[in-house]
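Examining the three-dimensional arrangement
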Amino acid sequence: MTDQELNDIIASLNRTQREALEKYLEYQTYQDNDDVEIAFIKKETYDLYKNTISGLIAKVEVYAHDLPMPIYSITDNIVRMHSLVAQIEQKDFALKGYKQIIQYENFFINILYLMLTKLYVMQIETYIKVLTRFNHKGVLINDTPVLCEVEKQLKKFPVW
């Protein structure tokens, strides 16, 4: 779209549409006036959520077929913590707040790993039950019956 086409579209807007567009553009172009340290640690908290937590939540949802209620609660707490810390004007208190968010997010990551471990064990137990009910001797891994190989691997990494 050329500048002229964009100007024509804007010119054809009525007053209400133009005001809505102006408010939207003002909101989208608002810059954070954060200190460099605060901006860095804030980005760290967002990246931790985006790169680690969101992927783990997706895996829990796949294996649990629904998100357990504690995940909703903890996610809600993280959002609330961000909104509270964003209002702090004193730099040192804001930095402490973001460090606490990082600690809480790391705690959440550990909870998600525990949930996933439990879900994986349950899934393995389900597979073992299915294999024992059917003719599993025909399924081989490296010329070894699959259940023998699974039991060998489970003994290597005892989870329970």
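Whatever comes next refers back to the structure up there.
As the structure is a computational prediction, the values presented were derived from the model and not from experiment.

1. Digging into the pattern of salt bridges
The tally for this structure, following the rule as stated, stands at six salt bridges. Where lysine 91 meets glutamate 37, a salt bridge forms, and the shortest distance between an N and an O atom there is 2.4 Å. Placement of lysine 91 in helix 5 (residues 91-133) and of glutamate 37 in helix 3 (residues 36-64) is noted, with a sequence separation of 54 residues between them. Of the residues examined, lysine 91 reaches a relative accessible area of 34% and is grouped as partly exposed. Under the relative-accessibility criterion, glutamate 37 is labelled partly exposed at 42%. Across the pair aspartate 47 and lysine 50 runs a salt bridge, and its minimum N-O distance is 3.9 Å. Pair noted here: aspartate 47 and lysine 50 are both in helix 3, with a separation of three residues, about one helical turn. By relative accessible area, which is 21% here, aspartate 47 ends up partly exposed.

2. Re the packing of helix 3 against helix 4 (residues 69-86)
Between two packed helices, both the angle of their axes relative to each other and the distance between the axes serve to describe the pair. Relative orientation of the contacting elements helix 3 and helix 4 amounts to 165°, with a least axis distance of 13 Å. The angle between helix 3 and helix 4 falls in the class roughly antiparallel. Helix-helix and strand crossings are classified by hand; for helix 3 and helix 4 the assignment is left-handed. For the pair helix 3 and helix 4, the contacting residues are Thr45, Tyr46, Tyr49, Ile53, Ile57 and Val60 in the first and Ile71, Thr75, Ile78 and His82 in the second. Along the lines of polarity and charge, the residues of the contact of helix 3 with helix 4 split into seven nonpolar, three polar and no charged.

3. Focus: the nonpolar core
In this structure, Ile53, Ile57, Val60, Ile71, Tyr98, Phe108 and Leu112 are the most contacted members of the largest nonpolar core, which totals 23 residues. Of all the elements in the fold, those that place two or more residues in this core are helix 3, helix 4 and helix 5. In terms of residue count, the dominant contributor to this core is helix 5 (11 residues). Those residues in contact with valine 60 that sit more than four places away from it in its chain are His65, Leu67, Pro68, Ile71, Leu112, Met115, Leu116 and Leu119.

4. Quick notes on unusual backbone geometry
Positive phi outside glycine occurs at histidine 65, with the angle close to 65°. Within the secondary structure layout, histidine 65 lies in the loop between helix 3 and helix 4. For aspartate 143, which is not glycine, the phi dihedral falls at a positive 60°. Within the secondary structure, aspartate 143 is located in the loop between strand 1 (140-141) and strand 2 (144-145). The exposed category is assigned to aspartate 143, whose relative accessible area is 74%.

5. Some points on a nonpolar patch on the surface
Judged by side-chain polarity, Met1, Leu6 and Ile9 come together as a nonpolar surface patch covering roughly 330 Å² of accessible area. Judged by its relative accessible area of 73%, methionine 1 is exposed.

6. As for the side chain of threonine 45
Here threonine 45 shows up in helix 3. A relative accessible area of 0% places threonine 45 in the buried class. A polar contact is formed between the side chain of threonine 45 and the backbone oxygen of lysine 42, at a distance of 2.6 Å. In contact with threonine 45, other than residues within four places in its own chain, are His82, Tyr98, Ile101, Ile102 and Glu105.

The rules behind each value
Residues numbered from 1 in each chain as written. Predicted model: local features only at pLDDT ≥ 70, side-chain atom pairs only at ≥ 80, totals over all residues. Heavy atoms only, no water. Salt bridge = Lys/Arg side-chain N within 4 Å of Asp/Glu carboxyl O. Helix = DSSP H or I, 4+ residues; strand = E, 2+ residues; numbered from the N terminus. Buried < 20%, exposed > 50% of the residue type's maximum accessible area, 1.4 Å probe, protein only. Axes fitted to C-alpha atoms, helices over the stretch in contact; angles between N-to-C directions. Parallel < 35°, antiparallel > 145°, perpendicular 65-115°, else oblique. Left-handed = near helix turned anticlockwise from the far one by under 90°. Contact = heavy atoms within 4.5 Å. Nonpolar A, V, L, I, M, F, W, Y, C, P; charged D, E, K, R; others polar. Core = buried A, V, L, I, M, F, W, Y, C linked by side-chain atoms within 4.5 Å. Patch = residues over 30% accessible without salt bridge, like charges linked within 9 Å, V, L, I, M, F, W, Y side chains within 5 Å. Areas by Shrake-Rupley, 256 points an atom, 1.4 Å probe, with all protein chains shown as cover. Polar contact = N/O pair within 3.5 Å; in protein donor to acceptor, adjacent residues only side chain to side chain.

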